[in-house]
Amino acid sequence: MKKTILLLVAIFAMVACSKSDDNKDGGGSGSGNSSGWALKILKSEGVTVEVVLIQYSTGETYTDSSKKPLTKDYVMDIKGGEPMQVAVTATGVNDNSTLTIQLLQNGQVKRTSSSKGIGLTASF
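What this report covers is the structure whose coordinates are included nearby. (Residues numbered from 1 in each chain as written. Predicted model: local features only at pLDDT ≥ 70, side-chain atom pairs only at ≥ 80, totals over all residues. Heavy atoms only, no water.)

**Notes on the pattern of salt bridges**
Here the structure, examined in full by the defined rule, presents five salt bridges. The residue E45 makes a salt bridge to K43 at a minimum N-O spacing of 3.7 Å. For K68, the salt bridge identified is with D64, shortest N-O distance 2.8 Å. (Salt bridge = Lys/Arg side-chain N within 4 Å of Asp/Glu carboxyl O.)

**Some remarks on the sheet that holds strand β8 (residues 108-116)**
The strand order across the open sheet formed by four strands is β5-β1-β7-β8, and the pairing between neighbours is antiparallel. Of all strands in the sheet, those bounded by a partner on one side alone are β5 (74-77) and β8. Between one strand and the next, the sheet's axes are offset by a mean angle of 15°, whatever the strand orientation. (Pairing = 2+ DSSP bridges. Helix = DSSP H or I, 4+ residues; strand = E, 2+ residues; numbered from the N terminus. Axes fitted to C-alpha atoms, helices over the stretch in contact; angles between N-to-C directions.)

What follows is the structure, given as structure tokens:
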């Protein structure tokens, strides 16, 4: 548990200090909520999501630490508009395991981030 918390703190530090590398490739299937924003975690056999963390410009933070095996795409509505930062950590079964997350607005992909390996972290 301590390692997970330390990893999340490190992720926020890296995301806050780095430039955004938005990938505007279109597509997506999330409907979002009234604000139109959604987080999509793509299906990946053998990968289990450990933590989803969303930080808004208001400073409010949403954390979901329920474990989710990625046997299908997982789409989560994001309340309150565009998030300032998103981080997802997961575990894979081998070095070829992949975690891919997408930030959707009205079903269109606005940002994409991926990670490959056993200890997986994707953020934007």
